[in-house]
Amino acid sequence: MQASASIDVKSPRPQPAGMCKKWLLIHSGGLRLLRYGSLHGTVLGVEAVLPDGTVLDLLRQLRKDNTGFDLKQLFIGSEGSLGVVTAVAIQCPPKPASVQLAFLSCPSFQAVQQVLLKAKQSLGEILSAVEFLDQESMHMVTKHLDGVKNPLQQTGPAAAAGVSGSSSSSS
């Protein structure tokens, strides 16, 4: 069983807490969705202020709670339409000991899809992230970020695949 921690981001530091609440409201899956699952599974509890001023305290830190409706799930992805989230408790998995990334040039989008399929088949549970980057996106990155260069020679789409685990050695 993987160890995890629960944190309450009801912090006086607005940046980290604000970012967690923003991710919650827009339901940002993030880069590590393949390994850690969706945001719905990692949010343990929320505290929110409803439009009428009522404070809804659903700030639990239990992984399993079957005491009634799971109202916190309604706030995930609501973009603030149901209320203002003032606190959130999130399950945080431990940082992996080893992380590697491959950035691959592909001749077509279909080839990128094949890379994803092959990565899922070959890497299984250690596959933590897969991203697609088309040539236009790469151009925007290299144009607007100083010092960033395209590491790939070939023009066309690219795939990035990340793996993570508990050991940097292979058996």
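Right above here is the structure, for reference.
What counts, and where the lines are drawn
- Residues numbered from 1 in each chain as written.
- Predicted model: local features only at pLDDT ≥ 70, side-chain atom pairs only at ≥ 80, totals over all residues.
- Heavy atoms only, no water.
- Helix = DSSP H or I, 4+ residues; strand = E, 2+ residues; numbered from the N terminus.
- Buried < 20%, exposed > 50% of the residue type's maximum accessible area, 1.4 Å probe, protein only.
- Contact = heavy atoms within 4.5 Å.
- Areas by Shrake-Rupley, 256 points an atom, 1.4 Å probe, with all protein chains shown as cover.
- Pairing = 2+ DSSP bridges.
- Axes fitted to C-alpha atoms, helices over the stretch in contact; angles between N-to-C directions.
- Phe/Tyr/Trp six-rings, centres within 6.5 Å; stacked < 30°, edge-to-face > 60°.
- Polar contact = N/O pair within 3.5 Å; in protein donor to acceptor, adjacent residues only side chain to side chain.
- 1 Å grid on protein atoms, 1.4 Å probe; cavity = no way out; pocket = protein on both sides within 12 Å on 5 of 7 lines; lining within 4 Å.
- Points joined across faces, edges and corners; volume = space filled by probe spheres on them.
- Expected span 1.5 Å × (residues − 1).

Looking only at helices and strands, one finds six helices and seven strands in the chain. Listed N to C, the secondary structure of the chain is β-α-α-α-β-β-α-β-β-α-β-α-β in terms of helices and strands. Within the chain, buried positions represent 26% of all 171 residues. Nonlocal contacts in the chain, meaning residues at least 24 apart in sequence, comprise 76% of its contacts between residues at least 6 apart. As displayed, the chain offers around 11,400 Å² of accessible surface, 57% of which is attributable to carbon and sulfur atoms.

Here we have three strands laid out as an open sheet, ordered β5-β7-β6, and antiparallel in their pairing. At either end of the open sheet lies a strand with only one pairing partner, and these are β5 (98-105) and β6 (127-133). Taking each pair of neighbouring strands and ignoring which way they run, the sheet shows an average axis angle of 15°. Sheet strands touched by helix α5 (residues 109-123): β5, β6 and β7 (158-165). Its angle to β6, the strand with the most contacts, is close to 175°.

Let's shift gears to the packing of aromatic side chains. Scanning the model with the defined rule gives one aromatic pair in all. Relative to Phe 132, the ring of Phe 109 has its centre 5.1 Å away and its plane inclined at 80°; by these criteria the two rings are edge-to-face. Taken together, the residues Phe 109 in helix α5 and Phe 132 in strand β6 connect sequence positions 23 residues apart. Classification of Phe 109 by relative accessible area gives partly exposed; the value is 38%.

Two strands pair when backbone bridges link them, and strand β2 (residues 43-49) and strand β3 (residues 55-58) are joined in this way by four bridges, in the antiparallel orientation. Looking at the pairing, Glu 47 lines up with Asp 57 of β3. With antiparallel pairing between neighbouring strands as the criterion, β2 and β3 make up a hairpin whose turn holds five residues, including Gly 53 at a positive phi of roughly 95°.

For Lys 72, the location among the structural elements is in helix α4 (residues 72-75). Engagement of the side chain of Lys 72 in a polar contact is seen with the side chain of Asp 70, the distance being 2.7 Å. Contact partners of Lys 72, with chain neighbours within four places excluded, come to Val 43, Leu 44, Gly 45, Val 46 and Leu 58.

What follows deals with empty space enclosed by the protein. If you walk through the whole model with that rule in mind, you get one cavity of 30 Å³ or more. Size it by volume and the largest cavity reaches roughly 50 Å³. Lining of the largest cavity is provided by Ser 105, Leu 133, Asp 134, Gln 135, Met 138, Asn 150, Leu 152, Gln 154, Gly 156, Pro 157 and Ala 158.

End to end, α5 covers 21 Å across 15 residues, agreeing with the expected 21 Å (1.5 Å per residue, within 8%). Two residues or fewer after α5 comes Gly 124, characterised by a positive phi angle close to 50°.

Two faces, one strand: in a regular strand the side chains alternate between the faces of the sheet. A large share of β7 lies buried, amounting to eight of its eight residues. Of the two faces of β7, both are covered, the one formed by Ala 158, Ala 160, Gly 162 and Ser 164 as well as the one formed by Ala 159, Ala 161, Val 163 and Gly 165. Note that β5 and β7 share eight bridges and pair antiparallel. Bridged to Gln 100 within β7 is Val 163. Where β6 meets β7, six bridges bridge the pair, whose relative direction is antiparallel. Its bridge partner lying in β7, Ala 129 is registered against Gly 162.

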